[in-house]
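So you can see what is in the structure, the chains are spelled out below.
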Number of protein chains: 4
Amino acid sequence: MKITIWNENWQDRFQDDVKAAYPETIHGAIANFLKARGDKDWEIRIRTMDMEECGLKQEDLDDTDVMLYWGHLKHKEVPDEYALRIAERVHQGMGLILLHSAHASKAAKYLIGGGHGCGLTWREDDEHERVWTIAHNHPITKGIPQAFVVPADETYAEPFHIDTPDELIFITWYPGGEVFRSGIAYRRGAGKVFYFQPGHETFPIYREQKEVQDVIMNAIRWAGEGCSHYEFINDNGRSHGTRIEP
Amino acid sequence: MKITIWNENWQDRFQDDVKAAYPETIHGAIANFLKARGDKDWEIRIRTMDMEECGLKQEDLDDTDVMLYWGHLKHKEVPDEYALRIAERVHQGMGLILLHSAHASKAAKYLIGGGHGCGLTWREDDEHERVWTIAHNHPITKGIPQAFVVPADETYAEPFHIDTPDELIFITWYPGGEVFRSGIAYRRGAGKVFYFQPGHETFPIYREQKEVQDVIMNAIRWAGEGCSHYEFINDNGRSHGTRIEP
Amino acid sequence: MKITIWNENWQDRFQDDVKAAYPETIHGAIANFLKARGDKDWEIRIRTMDMEECGLKQEDLDDTDVMLYWGHLKHKEVPDEYALRIAERVHQGMGLILLHSAHASKAAKYLIGGGHGCGLTWREDDEHERVWTIAHNHPITKGIPQAFVVPADETYAEPFHIDTPDELIFITWYPGGEVFRSGIAYRRGAGKVFYFQPGHETFPIYREQKEVQDVIMNAIRWAGEGCSHYEFINDNGRSHGTRIEP
Amino acid sequence: MKITIWNENWQDRFQDDVKAAYPETIHGAIANFLKARGDKDWEIRIRTMDMEECGLKQEDLDDTDVMLYWGHLKHKEVPDEYALRIAERVHQGMGLILLHSAHASKAAKYLIGGGHGCGLTWREDDEHERVWTIAHNHPITKGIPQAFVVPADETYAEPFHIDTPDELIFITWYPGGEVFRSGIAYRRGAGKVFYFQPGHETFPIYREQKEVQDVIMNAIRWAGEGCSHYEFINDNGRSHGTRIEP
């Protein structure tokens, strides 16, 4: 399976507290645990926003089975054209895993936000959160306990402006009194999308928390299952159907 | 309730067979049955693509509770900016009823097509179709029989590239061997979207078929219920949440 | 609209702390606010488990548009036959509103628990809970704030063994670290079911908390909309379909 | 993976046209293709209604990962107690595949029929049907074409009285003018349920039609994935939750 880790890679380079949390960068931390703990047949590729075409070349997307996407401050600087490439590839069968603040990416707004949405409430008080498993025995929750605690993260809270999830996988509790649909899964065309909330850039969650790593690895297997370049019959109304009967 | 009928109004003016089917234009035919058979408190407004800003001015959208949308050949000529105005208003609480070939409009792709989708299979053989009620006792199917026949229409068929519907309202059968999810309902933010397949431009379906008129009027009441300019708390992550618990 | 309030009416009579919280009984408290604050056309009927046939006579069900159901300790003493009457009436179009511990009733297990389920985690520590609105602009959340606090209630927590809800309306936060899908809506045949968590028998929630009353009244309007004795064609495979096409 | 094929095994023994279509019995035909074409690690067990406890002993269910269920004329003779064993095992994580007329079994009514339902319209005119794939790239549709024809089967038609499917996998078209949600998937507790329509007892569909065999084998893999005896925390409210936060 071909996995592309896409990272905005801005705060990783220019913001001290993020550099302190992720000296190896966020994509580096993710790549490290995928290589150390992931499946043998996983090919890991890194693409970052500072690369040509924002690291979202069509040829790279065409060669990707599952994409992990982390972004935050530069969403608006990703051209619509590139974000739509991601959406189209998902419809063809690519898996997409949106991490933390990727909820506000253009790709997320196209795929799970009804074009406009994906807004939420947030605050940065470095508090813990408790992630509750709602979809028991789902491929994404395989081996995940009924609940686990992330010791420090940003708080994301309802209202969360998302398309009705096909599957509600996790709900998160916060000590400040909020709740959040923190793990949500969708089918889009022949592809799949999973959003997962943990992973604020100032905490080494992706490097250090086993449960978060396990969820991401489960999500890769789920999203990559049967990943393909699906050939739809007469897709997009571009071509003409033929009468079958009698 | 303030209802805006939006029509591309191109084939209505320049294509002979459409002018023959709808001498009063498609929006005119819809307006006529809404006025003749609709609720007393319905205010009907017409907007067409040949008007300023494609008939999609922000002030008109802000003053609309439910929009009916018919378009076909000129979807690509509606600027993204205007289509996104529709999506944002839906998220605020406006109802949107997408008619027939509006499945391929930019508004539909943003709201129910995952940015990319809404493709389908189609053919024009002037055949009848049988529309089956799936969601019994739903507001949209109130008074609608278990099945009804549209004597002649374009054939729309699966695969239909749509976000998983929140509610599957109708499935249509075609003599050519196809099936189609012809009535599908969604919540998007505080608003609602309903897509309904019947209504090819060369057949006077909106003027002549009572069941189709009934479905559209039911959909207006459903989509307009509680329509509003919903004030979300900390919408879109623009503002900062406050800790609630001590 | 004909509304039947069904109550187990056991703790109301024989348990001191419940008699203290509800001197007028739980069904009495519900009837009082429905009469004081509900719609003019609502006819309120009381049925309790100590009546003939557990207060679930077929003729009463047939004459009910929306049933409110509160039960707790005596679920197993309601014969399967009577619980199935409720399920059948819901499929015909009756609305059913399951309150608090009614989650474990036989009617709930049949209608929203896959025959077996509706289990949950619970504890009685008299703590407050915060109910979050998830389905914005839904008929059941009309006028309900983004979140409201119930000052003291029993704690119900995930895992909650329910059929996947058609609509997730509320999620509740508890200070003990739990979350719960506290407001869930379903279509069953031609009818509707809504489960709502607040309302432990030792706190006067139904009498005193306006938001809880508002949700219940909204749910009655939602569940009763189009309530009927729906005539399905060839229902239950008892009769034979006829070929339609020549 | 341990697979139990359960068959009513009545018409197989006593009805001539069924004996002619399935001289090896229906469970025999299913077992044959599972052994010939299935995965190496599949252990196939046969249980029939004429065995002790209707072939539904608790020990057999406890030792089953995925159960295939075919029944028709004798549904009412399966005691509720045994049908509830099936429902409970599904909630614990067993997969259940309901074939053709199993829609009317007690197990189906408990698990996907809201206690009452699962009715449909039917007729026996020995016509062909066209099964359309709706859920593209779903594990159950892996390798299945956009549409395939079953040359002769019983006609099952809407209205189909089922709980809203978690996933709509197939829709079937009939030459008589009907449509039917012929492939529907559900999560129930920690388990999964799939209903699939093809397979009337008088046609050798299970023995002869490769696409139907492929769907059933895909469904076994899907339903068996992560199958388990799931240990829920405080399941069924029988035990008491503990406060987590200090």
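Each value, and the rule that gives it
- Residues numbered from 1 in each chain as written.
- Chains lettered and ligands numbered in written order.
- Predicted model: local features only at pLDDT ≥ 70, side-chain atom pairs only at ≥ 80, totals over all residues.
- Heavy atoms only, no water.
- Helix = DSSP H or I, 4+ residues; strand = E, 2+ residues; numbered from the N terminus.
- Rg over C-alpha atoms; globule rule 2.2 N^0.38 Å.
- Buried < 20%, exposed > 50% of the residue type's maximum accessible area, 1.4 Å probe, protein only.
- Areas by Shrake-Rupley, 256 points an atom, 1.4 Å probe, with all protein chains shown as cover.
- Lys, Arg positive; Asp, Glu negative; His and termini not counted.
- Charge placed at Lys NZ, Arg CZ, Asp CG, Glu CD.
- Phe/Tyr/Trp six-rings, centres within 6.5 Å; stacked < 30°, edge-to-face > 60°.
- Lys NZ or Arg CZ within 6 Å of the ring centre and 35° of its normal.
- Salt bridge = Lys/Arg side-chain N within 4 Å of Asp/Glu carboxyl O.
- Polar contact = N/O pair within 3.5 Å; in protein donor to acceptor, adjacent residues only side chain to side chain.
- Contact = heavy atoms within 4.5 Å.
- Pairing = 2+ DSSP bridges.
- pLDDT = per-residue confidence, 0-100.
- Axes fitted to C-alpha atoms, helices over the stretch in contact; angles between N-to-C directions.
- Parallel < 35°, antiparallel > 145°, perpendicular 65-115°, else oblique.
- Nonpolar A, V, L, I, M, F, W, Y, C, P; charged D, E, K, R; others polar.
- UniProt positions renumbered as here; feature names shortened; annotations may be inferred.
- Expected span 1.5 Å × (residues − 1).
- Core = buried A, V, L, I, M, F, W, Y, C linked by side-chain atoms within 4.5 Å.
- Patch = residues over 30% accessible without salt bridge, like charges linked within 9 Å, V, L, I, M, F, W, Y side chains within 5 Å.
- Disulfide = S-S within 2.5 Å.

(A) Focus on the overall build of chain A. Regarding its fold elements, chain A presents eight helices and nine strands. A compact globule built from 246 residues should have a C-alpha radius of gyration of about 18 Å, and chain A, at 18 Å, falls within 12% of that. The buried share of chain A, reckoned over its 246 residues, is 67%. Carbon and sulfur atoms form 49% of the exposed surface of chain A, whose accessible area is close to 7,900 Å². With 27 positive and 40 negative side-chain charges, chain A shows a separation of 3 Å between the mean positions of the two kinds.

(B) Fine view of the packing of aromatic side chains. Under the counting rule described, the total for this entry stands at 36 aromatic pairs over all chains. Their ring planes at 55 degrees and their centres at 5.6 Å tell us that C:F160 and C:Y195 sit as a pair that is tilted. Here C:F160, found in the loop between β6 (147-157) and β7 (167-173), pairs with C:Y195, found in strand β9 (residues 191-196); they are 35 residues apart in sequence, far enough to count as distant. A residue is classified by how much of its surface remains accessible, and C:F160, at 3% relative accessible area, is buried. Taken together, the aromatic side chains of A:Y156, A:F160, A:F180 and A:Y195 make up a single cluster linked through ring pairs. The ring of C:W173 is capped by C:R130, whose NZ or CZ atom sits 5.2 Å from the centre of that ring.

(C) Broad picture of the pattern of salt bridges. Scanning the model with the defined rule gives 89 salt bridges over all chains in all. The closest approach of N and O atoms between B:R221 and B:D39, which form a salt bridge, is 2.9 Å. One end of the pair, B:R221, is in helix α8 (residues 210-224); the other, B:D39, is in the loop between α3 (26-37) and β2 (43-48), and 182 residues separate them in sequence. For B:R221, a relative accessible area of 31% gives the class partly exposed. On the basis of relative accessible area, B:D39 is assigned to the partly exposed category, the value being 31%. With a closest N to O distance of 3.9 Å, D:D16 and D:K19 form a salt bridge. Of this pair, D:D16 and D:K19 both sit in helix α2 (residues 16-21), three residues apart, which is roughly one turn of that helix. Connected through salt bridges with shared partners, the residues A:R123, A:D125, A:E127 and A:E178 form a single ionic network.

(D) Up close: the side chain of B:T64. Residues and elements named next belong to chain B. Mapped onto the secondary structure, T64 falls in the loop between α4 (58-62) and β3 (66-70). At 2.7 Å, the side chain of T64 and the side chain of T4 are in polar contact. Reaching out from T64, the side chain makes a polar contact with the backbone oxygen of D60 at a distance of 2.7 Å. Those residues in contact with T64 that sit more than four places away from it in its chain are K2, T4, R45, R89 and M94.

(E) Geometry of the side chain of C:E201. Residues and elements named next belong to chain C. Inspection of the secondary structure puts E201 in the loop between β9 and α7 (205-208). Among buried charged residues, E201 stands out as having no salt bridge; its nearest opposite-charge side chain is K74, 12 Å away. A polar contact is formed between the side chain of E201 and the side chain of Q11, at a distance of 3.0 Å. Within polar-contact distance, the side chain of E201 engages the side chain of H200 at 3.0 Å. When sequence neighbours within four positions are dropped, the list of residues in contact with E201 reads Q11, V18, A21, Y22, I26, W70, H72 and H100.

(F) Structural context of the pairing of strand β5 (residues 121-133) of chain B. Here β5(B) runs beside strand β6 (residues 147-157) of chain B; their pairing, made up of eight bridges, is antiparallel. Within β6(B), the position partnered with B:E127 by the bridge is B:D153.

(G) Looking closely at the environment of A:A104. Residues and elements named next belong to chain A. Residue position: A104 is located in the loop between β4 (95-99) and α6 (106-112). A104 gets classed as partly exposed once you look at its relative accessible area, which sits at 26%. Along the primary structure A104 and A36 are separated by 68 residues, whereas in three dimensions their C-alpha atoms are 30 Å apart.

(H) Summary view of the confidence of the model for chain A. Residue and element names in this part refer to chain A. When pLDDT is averaged across chain A, the result is 92; 93% of the residues are at 70 or more. Note that pLDDT drops below 50 for residues 233-239; the model gives that stretch 18 contacts with residues more than four away or on any other chain. Across the whole predicted complex the pTM is 0.96, and at the interface the ipTM reaches 0.94.

(I) Summary view of the sheet that holds β4(A). All names here are of chain A. The mixed open sheet is built from nine strands, whose spatial order is β2-β1-β3-β4-β9-β8-β7-β5-β6. On the outer flanks of this sheet lie β2 (43-48) and β6 (147-157), each paired with one strand and no other. Averaged over all neighbouring strand pairs, the angle between strand axes comes to 25 degrees, with direction disregarded. Along the sheet, helix α5 (residues 80-92) makes contact with β3 (66-70), β4, β8 (179-188) and β9 (191-196), crossing β9 at roughly 120 degrees. Running at roughly 165 degrees to β9, helix α8 (residues 210-224) makes contact with β1 (2-7), β3, β4, β6, β7 (167-173), β8 and β9 of the sheet.

(J) Fine view of the packing of helix α3 (residues 26-37) of chain C against helix α8 (residues 210-224) of chain C. All names here are of chain C. Running from amino to carboxyl end, α3 crosses α8 at an angle of 75 degrees, the nearest separation of the two axes being 11 Å. Considering the angle they form, α3 stands roughly perpendicular to α8. Facing α3, whose interface residues are F33, L34 and R37, α8 presents K210, Q213, D214, I216, M217 and I220. Residue composition of the contact of α3 with α8, grouped by class: five nonpolar, one polar and three charged.

(K) The arrangement of the UniProt feature "domain: ThuA-like" (unreviewed entry) in chain A in detail. Taken from the UniProt record, the annotation "domain: ThuA-like" (unreviewed entry) applies to residues 26-223 of chain A. The straight-line gap between the two end C-alpha atoms of residues 26-223 of chain A is 21 Å; of that span, 28% is helix and 32% is strand.

(L) Seen up close, α8(A). All names here are of chain A. For α8, with 15 residues, the first-to-last C-alpha span of 21 Å sits near the 21 Å given by 1.5 Å per residue. Counting buried residues along α8, twelve of its 15 residues qualify, which places the element largely inside the surrounding structure. All of the buried residues along α8 are V212, Q213, D214, V215, I216, M217, N218, A219, I220, W222, A223 and G224. G226 occupies a position one or two residues after α8 and carries a positive phi of about 70 degrees.

(M) Up close: the sheet that holds strand β5 (residues 121-133) of chain D. Residue and element names in this part refer to chain D. Taken together, nine strands build an open sheet; the order of strands is β2-β1-β3-β4-β9-β8-β7-β5-β6 and the sheet is mixed. Of all strands in the sheet, those with a lone pairing partner are β2 (43-48) and β6 (147-157), marking the two edges. Along the sheet, successive strands turn relative to each other by an average axial angle of 25 degrees, direction set aside. Here five bridges tie strand β4 (residues 95-99) to strand β9 (residues 191-196), and the two strands are oriented parallel to one another. Within β9, the residue paired with L96 across the bridge is V193. Contacting β3 (66-70), β4, β8 (179-188) and β9, helix α5 (residues 80-92) crosses the sheet at an angle of about 120 degrees to β9. Along the sheet, helix α8 (residues 210-224) makes contact with β1 (2-7), β3, β4, β6, β7 (167-173), β8 and β9, crossing β9 at roughly 165 degrees.

(N) Layout of the environment of C:W173. When you line up the elements, C:W173 lands in strand β7. Spatially, the C-alpha atom of C:W173 lies 53 Å from that of C:I244, the residues being 71 residues apart in sequence. Within the structure, C:W173 has its side chain in polar contact with the backbone oxygen of A:Y174 (distance 2.7 Å).

(O) A look at the pairing of β1(A). Residue and element names in this part refer to chain A. The buried count for β1 comes to five of six residues, which makes it a mostly enclosed element. Judged from the six bridges that link them, β1 and β2 form a sheet pairing that is parallel. Bridged to N7 within β2 is T48. In terms of strand pairing, β1 meets β3 through five bridges, oriented parallel.

(P) Highlighting the nonpolar core. Core analysis: the largest hydrophobic core is formed by 156 residues, its most contacted members being A:I86, A:I112, B:I86, B:I112, C:I112, D:I86 and D:I112. Excluding anything up to four places from it in sequence, D:I86 contacts D:L56, D:L61, D:M67, D:Y69, D:M94, D:L96, D:A107 and D:L111.

(Q) Just a nonpolar patch on the surface, in detail. A cluster of nonpolar side chains, contributed by A:W10, A:F14 and A:L73, occupies part of the molecular surface with about 320 Å² of accessible area. Inspection of the secondary structure assignment puts A:L73 in the loop between β3 and α5.

(R) Structural context of the environment of D:I30. Residues and elements named next belong to chain D. Here I30 shows up in helix α3 (residues 26-37). Each C-alpha atom of the pair I30 and I44 lies 9.9 Å from the other, and the pair is 14 residues apart in sequence. For I30, the contacting residues outside a window of four places in its chain are I5, L68, L99 and Y206.

(S) View of the state of the cysteines. The full count for this structure, using the stated rule, is zero disulfides over all chains. A:C54 carries a free sulfur, and the closest cysteine sulfur to it, the one in A:C118, is 19 Å from it.

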